[in-house]
Amino acid sequence: MTSSSDRSPAVDVLSTRTYEIRTYGCQMNVHDSERLAGLLEDAGYVRAPEGSDGEADVVVFNTCAVRENADNKLYGNLGHLAPKKASRPGMQIAVGGCLAQKDRDTIVKRAPWVDVVFGTHNIGKLPVLLERARVQEEAQVEIAESLEAFPSTLPTRRESAYAAWVSISVGCNNTCTFCIVPALRGKEKDRRPGDILAEIEALVAEGVSEVTLLGQNVNAYGSDIGDREAFSKLLRACGKIDGLERVRFTSPHPRDFTDDVIAAMAETPNVMPQLHMPLQSGSDPVLKAMRRSYRQERFLGIIEKVRAAIPHAAISTDIIVGFPGETEEDFQQTLHVVREARFAQAFTFQYSKRPGTPAAEMDGQIPKKVVQERYERLVALQEEISWEENKKQVGRTLELMVAEGEGRKDETTHRLSGRAPDSRLVHFTKPDQEVRPGDVVTVEVTYAAPHHLLAEGPVLDVRRTRAGDAWEKRTAEKAAKPAGVLLGLPKVGVPEPLPAVSGGCAVD
């Protein structure tokens, strides 16, 4: 434990205390941060205004451990906060997430001004640990080795009024040599289907119209409860929930992507025609070295079946360039799969060592210059394909769920933005009538760029929804809050289906 001299003096706990959460990594971390926010607000904290930059009374880092320099980034940020903490009595800093689970014994040694360190399995303890650190005036380090309670039982402060993450499992049973997540998140634990559906029904009752089912290996759902078709059954059950308009899921694994899942996607109207299917490499020898339990033929076979069943499906992927031992011939096989699969989008990564993974110790580490050159060739090819695939959308009439915060130039272009059923981002002309995030508009696509579409003509139809009502109510409640009570909303918008942060959690 750290001595009390490294702690800030205690303050009056009756005063309103603000919090800020900084999130790194995958969708799981994003959703965990929603839970951390819910826990803190249940304990009486209020959210600090956006852009407070470390001025909150409690700053929480929800960390990721899948990048080689993840610890350097954390300690750099902690160092930036050290003088602020020294000058502000009562300020507290907490570190959680995968890096905390991994480096539990070193965080307070390297940053003795940290008050709380907690892991991936006990996020529910954060308010208690903060209070204990305040009273005892010493750092609290508590890392559970296994899941104490399924996180979805915790209070949650949802980032959106109309779209929500719903976790169906935690952990992963795979042993990919580049990924440290199973060691930090543990073996797969599945929620009971009834609990998942009850949560979704409750969300829909509050106005949510889109859910994204979330798991480290989402389509392996059922392995923990002994039902190989549990995931397809869950998709079909979601189709029976009145008021649930859109269902997505991420991230699946090719090994577990079975025909019954494809059939459920095709036959369940509210399951969206979108699939994120991580490739990682197109080379069979590299896939074997990665311990990925499929090969090129199997992967392309899945893509072919999905396209046959769902012709307009947009398929995206993750690819790692420069895995140890990758030859030019191996890389050419990856380019071949990209040409054959014609992904709408690909999240491409240059291999970086993940400390604690088998791949980090493998022979044949590729020189940075070679990795960079291959990466640039891959990006150029995928950009070309993405643009060609987007051009096929021109002339199509699409229903968009209106989003907020996804069109960075919307204010200057007088446009709004929304997501098509296949998750493509579409910027459209702002109609004369009011349109709220969560509402649905019908537009005709007039122009395609590699990463977005435009609908420059008039909006063909506007459908006001209960999701839009929920957004409007939430916004009104925010505006009605008296000054000094900082319950402001974060940036509201549909959860990004595929954050460009990955490398383990979201790259399975």
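Just above, that's the structure.
Note that the structure is a prediction, hence the values are computed from the model and not measured.

Asker: Can you help me understand the overall build of the protein chain in this one?
Answerer: A tally of regular secondary structure across the protein chain gives 15 helices and 21 strands. Considering the protein chain as a whole, with its 508 residues, one finds that 58% of them fall into the buried category. Considering only contacts in the protein chain between residues 6 or more positions apart, those separated by 24 or more positions represent 76%. Of the roughly 20,900 Å² that the protein chain leaves accessible, carbon and sulfur atoms contribute 51%.

Asker: What am I meant to see in the packing of aromatic side chains here?
Answerer: Pairs of aromatic rings are described using the distance from one ring centre to the other and the angle between the two planes. For the structure on display, the rule yields four aromatic pairs. Residues Phe231 and Phe249 carry aromatic rings whose centres are separated by 5.1 Å and whose planes lie at 85° to one another, so their mutual orientation is edge-to-face. Here Phe249 lies in strand E11 (residues 246–250) and Phe231 lies in helix H8 (residues 230–238), a separation of 18 residues in the sequence. In this pair, the class of Phe231 matches that of Phe249, namely buried. For the ring pair Phe299 and Phe343, a centre distance of 6.2 Å and an interplane angle of 65° mean the geometry is edge-to-face. In this pair, Phe299 sits in helix H11 (residues 296–309) while Phe343 sits in the loop between helix H12 (328–341) and strand E14 (345–350), placing the two residues 44 residues apart along the sequence. Comparing Phe299 with Phe343 shows no difference in burial state: the two are buried. Site record: aromatic cluster; members linked through ring pairs are Tyr294, Phe299 and Phe343. Taking NZ or CZ as reference, Arg110 lies 3.8 Å from the ring centre of Tyr75, over its face.

Asker: How do you make sense of H12 when you look at a structure like this?
Answerer: Residues lying three or four places apart along an α-helix face the same way, a consequence of the helix completing one turn every 3.6 residues. In this model, H12 (14 residues) spans 20 Å end to end at C-alpha, consistent with the 20 Å of a helix rising 1.5 Å per residue. Within H12, burial applies to Asp330, Phe331, Thr334, Leu335, Val337, Val338 and Ala341. The buried side chains of H12 occupy one side of the element, clustering within an arc of 155° when seen end-on. As for H12, its buried residues are in contact with helix H10 (284–290), H11, strand E13 (314–321) and helix H13 (368–391). A positive phi of about 50° marks Arg342, the residue just after H12.

Asker: Whenever I open this one, the packing of H11 against H12 confuses me. Can you help?
Answerer: Relative placement of two packed helices is described by the angle separating their axes and the distance separating the axes. Between H11 and H12, the shortest axis-to-axis distance is 11 Å and the interhelical angle comes to 10°. Classified by the angle between their axes, H11 and H12 sit roughly parallel to one another. Between H11, through Gln296, Phe299, Leu300, Ile303 and Arg307, and H12, the contact on the second element is made entirely by Gln333, His336, Val337, Glu340 and Ala341. Of the residues in the contact of H11 with H12, the class split is five nonpolar, three polar and two charged.

Asker: In this structure, what is going on with the pattern of salt bridges? I would like to understand it.
Answerer: When the charged atoms of two side chains with opposite charge come close together, those side chains can pair. Applying the stated rule across the entire model yields 30 salt bridges. As a salt-bridge pair, Lys84 and Glu55 come within 3.6 Å of each other at their nearest N and O atoms. Residue Lys84 is located in helix H2 (residues 70–87), and its partner Glu55 is located in the loop between strand E2 (46–47) and strand E3 (58–63); the two are separated by 29 residues in the primary sequence. Lys84 sits in the buried class, given a relative accessible area of 19%. We note a salt bridge from Arg236 to Glu267, for which the minimum N-O separation is 2.9 Å. With Arg236 in helix H8 and Glu267 in helix H9 (residues 259–267), this pair connects stretches of sequence that are 31 residues apart. Its relative accessible area of 33% is what places Arg236 among the partly exposed residues. Residues joined in a network through salt bridges with shared partners are Glu434, Arg436, Asp439, Arg464, Asp469 and Glu472.

Asker: For this particular structure, what's the right way to read the pairing of E3?
Answerer: A regular strand places its side chains so that they alternate between the two faces of the sheet. For E3, a buried count of six out of six residues is recorded, marking the element as mostly surrounded by other parts of the structure. Taking every second residue as pointing to the same face, both faces of E3 are buried, with Val58, Val60 and Asn62 on one and Val59, Phe61 and Thr63 on the other. Here strand E1 (residues 18–23) pairs with E3 via five bridges, running parallel. By the bridge assignment, Glu20 is partnered in E3 with Val59. One ladder, built from six bridges, connects E3 with strand E4 (residues 92–97); its direction is parallel. By the bridge assignment for E4, Val60 is matched with Ala94.

Asker: Looking at this structure, I do not really get the sheet that holds E14. What am I missing?
Answerer: Sheet strands line up and pair through hydrogen bonds in the backbone, either parallel or antiparallel. The three strands lie next to each other as E12-E13-E14, forming an open sheet whose pairing is parallel. Of all strands in the sheet, those with a lone pairing partner are strand E12 (274–276) and E14, marking the two edges. Pairwise comparison of adjacent strand axes, ignoring direction, gives a mean angle of 10° for this sheet. Here H13 sits on the sheet in contact with E13 and E14, set at roughly 175° to E14.

Asker: When you look at the nonpolar core in this model, what are you seeing that I'm missing?
Answerer: Inside soluble globular proteins, nonpolar side chains tend to come together where they are buried. One finds Ile200, Leu213, Leu235 and Phe257 to be the most contacted residues of the largest nonpolar core, which totals 90 residues. Residue contacts for Ile200: discarding those within four places in its chain leaves Val166, Val211, Leu213, Cys238, Ile241 and Leu244.

Asker: Is there a simple way to think about unusual backbone geometry in this case?
Answerer: Residues apart from glycine generally show negative phi values, whereas peptide bonds are mostly found in trans. In the segment running from Thr250 into Ser251, the intervening peptide bond is cis, with an omega of -10°. With respect to the helices and strands, Ser251 occurs in the loop between E11 and H9. Even without being a glycine, Arg291 presents a positive backbone phi close to 60°. Inspection of the secondary structure puts Arg291 in the loop between H10 and H11.

What counts and how
- Residues numbered from 1 in each chain as written.
- Predicted model: local features only at pLDDT ≥ 70, side-chain atom pairs only at ≥ 80, totals over all residues.
- Heavy atoms only, no water.
- Helix = DSSP H or I, 4+ residues; strand = E, 2+ residues; numbered from the N terminus.
- Buried < 20%, exposed > 50% of the residue type's maximum accessible area, 1.4 Å probe, protein only.
- Contact = heavy atoms within 4.5 Å.
- Areas by Shrake-Rupley, 256 points an atom, 1.4 Å probe, with all protein chains shown as cover.
- Phe/Tyr/Trp six-rings, centres within 6.5 Å; stacked < 30°, edge-to-face > 60°.
- Lys NZ or Arg CZ within 6 Å of the ring centre and 35° of its normal.
- Expected span 1.5 Å × (residues − 1).
- Arc of directions from axis to C-beta.
- Axes fitted to C-alpha atoms, helices over the stretch in contact; angles between N-to-C directions.
- Parallel < 35°, antiparallel > 145°, perpendicular 65-115°, else oblique.
- Nonpolar A, V, L, I, M, F, W, Y, C, P; charged D, E, K, R; others polar.
- Salt bridge = Lys/Arg side-chain N within 4 Å of Asp/Glu carboxyl O.
- Pairing = 2+ DSSP bridges.
- Core = buried A, V, L, I, M, F, W, Y, C linked by side-chain atoms within 4.5 Å.

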